Amino acid sequence: MSLGGPELGNGNSDRTPAYDAGIETKENAKVNQSTVLVISDDVEFSRSVSVRWQAERNVPTFTMLSGDLWPRSIDNFQVAIVGPLRRELLSLILEPLHSTQQPLFCVCQDAPTAQLVRERWPRTSVLRLDQNWLDVLILAGSEAVRRAAAEARARTAEQSCVSLERQAMLGRYMLEMRHGLNNALTSLLGNSDLLLIEPGSLSAQARGQIETIRNMTLRIHEVLQRFSSLEKEMNVVAQQVERDSGKSRFAVAAGD
């Protein structure tokens, strides 16, 4: 029986599934960045993996290579699956994959090969080509893809949190310095007004420069006033969130 899927051995990596076929769903979009690397000399093996995965709720993108195309500069993948290979290619392919932090699966045709992989590359999840190997592989691989996607989201959230913390620190510093800045601005405005109310005491050029200083001081004062308004709004929101949280806890307690 012929299974639909990409042909291997043409010197190029093939990328399938729903995205490349023009079929994209909301669930597929969630894992649009998830890529499964499949390396095998057996074209039918790679086809079986890709076709079987189409039945799952979340379908990743596949990068498929034959053993002869390795090594290749491929580092953007979340899960690697190694299928039947010539014995002399095992070390060449598994060694660099084993050194990464990505989940690694190896499907072996015989017990000696499986034992060798377990001993030399202990991080590898080893499967045998038995009756249920494909279902087990897809189940474990799907979970690995979901976990990798969750970890990627966590890293992104952590980076965003660090950036927000830096911005919050700058904001707190500006709020703390606001009083001192207001005092300095008040002094600038007062002195510039005193100079400007004395007619004839200044040249036209000097008067223009002082007016520029006064106008810029007023603009800075307006910015600080907006900071004050923002602080008040944030305090109101924080109080509202705290009240809503208290109501929720009370409702839960009452329900119990």
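The rules behind these values
Residues numbered from 1 in each chain as written. Predicted model: local features only at pLDDT ≥ 70, side-chain atom pairs only at ≥ 80, totals over all residues. Heavy atoms only, no water. Helix = DSSP H or I, 4+ residues; strand = E, 2+ residues; numbered from the N terminus. Buried < 20%, exposed > 50% of the residue type's maximum accessible area, 1.4 Å probe, protein only. Contact = heavy atoms within 4.5 Å. Areas by Shrake-Rupley, 256 points an atom, 1.4 Å probe, with all protein chains shown as cover. Axes fitted to C-alpha atoms, helices over the stretch in contact; angles between N-to-C directions. Left-handed = near helix turned anticlockwise from the far one by under 90°. Nonpolar A, V, L, I, M, F, W, Y, C, P; charged D, E, K, R; others polar. Patch = residues over 30% accessible without salt bridge, like charges linked within 9 Å, V, L, I, M, F, W, Y side chains within 5 Å. Salt bridge = Lys/Arg side-chain N within 4 Å of Asp/Glu carboxyl O. pLDDT = per-residue confidence, 0-100. Pairing = 2+ DSSP bridges. Right-handed = clockwise from strand over helix to strand, strands pointing away. Phe/Tyr/Trp six-rings, centres within 6.5 Å; stacked < 30°, edge-to-face > 60°. Disulfide = S-S within 2.5 Å. Core = buried A, V, L, I, M, F, W, Y, C linked by side-chain atoms within 4.5 Å. Polar contact = N/O pair within 3.5 Å; in protein donor to acceptor, adjacent residues only side chain to side chain.

Q: Is there a simple way to explain the overall build of the chain in this structure?
A: When you go through the chain residue by residue, the secondary structure sums to 6 helices and 6 strands. From first element to last, N terminus to C terminus, the chain shows the α and β order β-α-β-α-β-β-α-β-α-β-α-α. Within the chain, buried positions represent 34% of all 256 residues. Here the contacts in the chain between residues at least 6 apart in sequence split such that 67% fall between residues at least 24 apart. As displayed, the chain offers around 16100 Å² of accessible surface, 55% of which is attributable to carbon and sulfur atoms.

Q: What is the right way to look at the packing of helix α3 (residues 90-98) against helix α4 (residues 111-120) in this model?
A: For any two helices packed against each other, one specifies the crossing angle of their axes together with the interaxial distance. One way to put it is that α3 packs onto α4 with a least axis distance of 12 Å and a crossing angle of 35°. Regarding α3 and α4, the two cross each other, and that crossing is right-handed. Touching L90, S91, L94 and E95 of α3 are T113, L116, V117 and R120, all from α4. Per-class residue counts for the contact of α3 with α4 are 4 nonpolar, 2 polar and 2 charged.

Q: I tried to follow a nonpolar patch on the surface on my own but got confused; where do I start?
A: A cluster of nonpolar residues, L170, Y173, M174, M177 and L181, forms a patch on the protein surface that exposes about 470 Å² of accessible area. Secondary-structure assignment places M174 in helix α5 (residues 133-196). With relative accessibility at 33%, the residue M174 sits in the partly exposed group.

Q: Quick question: what am I supposed to make of the confidence of the model for the chain here?
A: On average, residues of the chain carry a pLDDT of 79, and 81% of them reach 70 or more. Within the chain, strand β5 (residues 104-108) carries the highest mean pLDDT (94), whereas helix α1 (residues 26-30) carries the lowest (41). Throughout residues 1-31 the model reports pLDDT below 50, and contacts reaching past four residues in sequence, or to other chains, amount to 76 contacts.

Q: Even after reading the chapter, I still don't get the pairing of β5, so can you show me in this structure?
A: Here is the key point about a regular strand: its side chains alternate between the two faces of the sheet. The element β5 is extensively covered by neighbouring structure, given that 5 of its 5 residues are classed as buried. Residue alternation in β5 divides its side chains into two sets, L104, C106 and C108 and F105 and V107, and both sets are buried. Where strand β4 (residues 79-82) meets β5, 3 bridges bridge the pair, whose relative direction is parallel. Directly across from A80, in β5, lies its bridge partner L104. Following the chain from β4 across α3 to the adjacent parallel β5, one finds a crossover that is right-handed. Alignment of β5 against strand β6 (residues 125-128), held across 4 bridges, turns out to be parallel. Residue F105 lies in a different strand from β6, and its bridge partner there is S125. Note that the unit made of β5, α4 and β6 has a crossover that is right-handed.

Q: Explain the pattern of salt bridges here, please?
A: Two side chains carrying opposite charge are able to pair once their charged atoms lie near each other. In this structure the tally under the stated criterion is 9 salt bridges. The partner of R214 in a salt bridge is D193, with the nearest N and O atoms 2.4 Å apart. Here R214, found in helix α6 (residues 204-255), pairs with D193, found in helix α5; they are 21 residues apart in sequence, far enough to count as distant. Connected through shared salt-bridge partners, D41, D68, R86 and E88 make up one network.

Q: Even after reading the chapter, I still don't get the packing of aromatic side chains, so can you show me in this structure?
A: The geometry of an aromatic ring pair is captured by two quantities: the separation of the ring centres and the angle between the planes. Taken as a whole, this structure holds 2 aromatic pairs when the rule is applied. Between F45 and W133, the ring centres sit 5.1 Å apart and the planes meet at 10°, which makes this aromatic pair stacked. In this pair, F45 is assigned in helix α2 (residues 43-53) and W133 in helix α5, connecting sequence segments 88 residues apart. Seen in terms of ring centroids, W53 and F62 are 5.5 Å apart; in terms of plane orientation they differ by 65°. Their pairing is edge-to-face. According to the relative accessible area criterion, F62 is buried, its value standing at 0%.

Q: Sorry if this is basic, but what is going on with the state of the cysteines here?
A: Two cysteines, two sulfur atoms, one covalent bond between them: this is a disulfide. In the structure shown here, the tally under the stated rule is 0 disulfides. Its sulfur unpaired, C106 is 3.7 Å from the next cysteine sulfur, which belongs to C108.

Q: How should the nonpolar core be read in this particular structure?
A: Generally speaking, nonpolar side chains in soluble globular proteins are found buried as a group. L37, I39, V82, I93, L94 and L97 are the most contacted members of the largest nonpolar core, which totals 21 residues. Of all the secondary-structure elements, those providing two or more residues to this core are β2 (35-39), β4, α3, β5 and α4. The element best represented in this core is α3, accounting for 4 residues. The residues touching L97, leaving out its near neighbours within four places in the chain, are L37, I39, W70, F77, A80, V82, L104 and R123. V59, F62, I81 and V145 belong to the second largest nonpolar core, which has 19 residues in total.

Q: Would you take a moment to explain α2 for this structure?
A: Note: α-helices contain 3.6 residues per turn, so residues at a spacing of three or four share the same orientation. Among all positions in α2, only F45, S46, R47, S48, V49, S50 and W53 are buried. You can read the cap of α2 off the contacts: a side-chain oxygen lies 3.0 Å from the backbone nitrogen of E44, and it is on D42.

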